[in-house]
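# Remarks on the overall topology
One-letter residues, chain by chain:
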Amino acid sequence: MSTLTIFSSVPARAAEAEAVPVATGRPIPAVLGADLEVPVKGGRLVGYANLDYAASAPCLEPVSAAVTAALPAYSSVHRGAGYASQLTTARYEQARHTVRAFVGARPDDAVIFTRNTTDATNLLARCLPAGTTTVVFDTEHHASLLPWEKSVRLAPPAFPGEAVRAADAALAGIDGPKLLVVTAASNVTGELWPIAALAHVAHRHGARILVDAAQLVPHRRLNLTALDLDYVAFSGHKLYAPFGAGVLIGRRDWLADGEPYLKGGGAVRSVGDDTEWHDDPEPRHEAGTPNVLGAIALAAACDALTATGWTALVREEERLIARLRSGLASIEGVRELSLWGDDHPRVGIVSFTVAGYSAREVAEVLSGEYGIGVRDGKFCAHPFVRHLLGEADGGCEDGTASAVRASIGIGSTQEHVDRLVEAVRDLVNR
Ligand SMILES: Cc1ncc(COP(=O)(O)O)c(C=O)c1O
């Protein structure tokens, strides 16, 4: 039988707000499912080569352990006097502080738990001051491209400096409130965007910036304060915490003034003839029972990554992605998609096409014959993929103009990478 002794180790709220996880350089943690076996053609079982982390990453062991540890005392949050309820509430609120520290947010930034990145961008979209114009590049994932009522769309820039110049020009031409939305690392090419320079330009024009960090935070450290970002959004399931939570972090004022995202219990101070809503963004936008285990999982992932230290994580990822890219580049007919060229820094994501095969055919062969999981399609970034493939590929509507995406992270191995390269080589040589 479990006992509830952990409560005494939950620090007081004020102390928690200051708490920053210390990088101790622990070994890279394991992921669940590393020994998963899957059937391939002929009925054989082979070890699964999961190369689809950019869609959803596997669960880190410390994340699963944190959820398992929280379950025996699982109870309601923010409404129970019982000990288990207080403990679960403390864990939920501690998760907020952990996530805040993970992205280096300002002490007074709001940290609102959502379902995922899409939910977070939509929440911010609902809270924009009336008449806000959003500036967004056509390279964005649909989660950051579509939620805006009034937006100016910018063509994919030919080089990073062009992105800054185009944002500068667009923002200069807009009156009233404005928001620049940009993804930190592309889910199609993995390429890193110049978010510090874009934040600078946004602020020079009195605009704010939202950074979609869904593909960045699993791979690189992000410091919201140092980069001077106004809002950041990301998802737990891409950060080794697949328990259904995401987060929106950033300046309180727009979120405090915005219409409550969900209307119901928890978001209100009192209901009588008039309804008095909470001014604090967290309760205001988290009505109903929140996803407590999702938040605990997300925080556990943040802690695990911080404790491991980014140097070790980035070094291993860069070694594997370089091997994957050079292996694919050595195969005739394989073309890697890239906006800013081979040498531009990127996270562990590679999208490519194989001459003579549709992306779906390649993905099916990789899965059915080699036990490799990749993504094929347009990756919820239709305008960008259309741009990268060019008109010669027939546009996005013909069912063939798609790409294959391989993506890696913690738990990816050299054998997985080599298996993919050799499988594509075999396919091309058939
Ligand atoms: C860059 C980027 N932004 C947003 C999203 C949306 O994430 P979610 O499906 O968790 O809302 C994704 C998912 O692929 C993504 O890659």
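Just above sits the structure.
Throughout what follows, the structure given in this document is the object of discussion.

Calculation criteria
Residues numbered from 1 in each chain as written. Predicted model: local features only at pLDDT ≥ 70, side-chain atom pairs only at ≥ 80, totals over all residues. Heavy atoms only, no water. Helix = DSSP H or I, 4+ residues; strand = E, 2+ residues; numbered from the N terminus. Expected span 1.5 Å × (residues − 1). Buried < 20%, exposed > 50% of the residue type's maximum accessible area, 1.4 Å probe, protein only. Polar contact = N/O pair within 3.5 Å; in protein donor to acceptor, adjacent residues only side chain to side chain. Pairing = 2+ DSSP bridges. Near = heavy atom within 4 Å. Areas by Shrake-Rupley, 256 points an atom, 1.4 Å probe, with all protein chains shown as cover. Nonpolar A, V, L, I, M, F, W, Y, C, P; charged D, E, K, R; others polar.

## Quick word on helix 3 (residues 83–102)
Taking 1.5 Å per residue, 20 residues should reach 28 Å; helix 3 reaches 28 Å between its end C-alpha atoms and fits that length. Counting buried positions along helix 3 yields 16 of 20 residues, so the element is predominantly enclosed. Just downstream of helix 3, Gly 104 is the residue with a positive phi angle, here 60°.

## Looking at the side chain of Asp 119
Secondary-structure assignment places Asp 119 in helix 4 (residues 117–127). We classify Asp 119 as buried; its relative accessible area is 7%. A polar side-chain atom of Asp 119 sits 2.9 Å from the main-chain amide nitrogen of Arg 115.

## Quick word on the pairing of strand 11 (residues 268–271)
The pairing of strand 11 with strand 12 (residues 275–277) spans 3 bridges and is antiparallel. Bridge pairing in strand 12 links Val 271 to Thr 275. In this structure, the hairpin formed by strand 11 and strand 12 is closed by a connection of 3 residues.

## Comments concerning the site of the ligand
Around the ligand, 13 residues are found, and the nearest of them are Thr 118, Asp 212, Ser 235, His 237 and Lys 238. Measuring from an oxygen atom of the ligand, one finds a backbone N or O atom of Thr 117 at 3.3 Å. Between an oxygen atom of the ligand and a side-chain N or O atom of Thr 118, the distance comes to 2.5 Å. Here the ligand loses 90% of its free accessible area of 390 Å² to cover by the protein chains. Of the residues in the shell around the ligand, the class split is 2 nonpolar, 9 polar and 2 charged.

Structural measurements only, silent on function.
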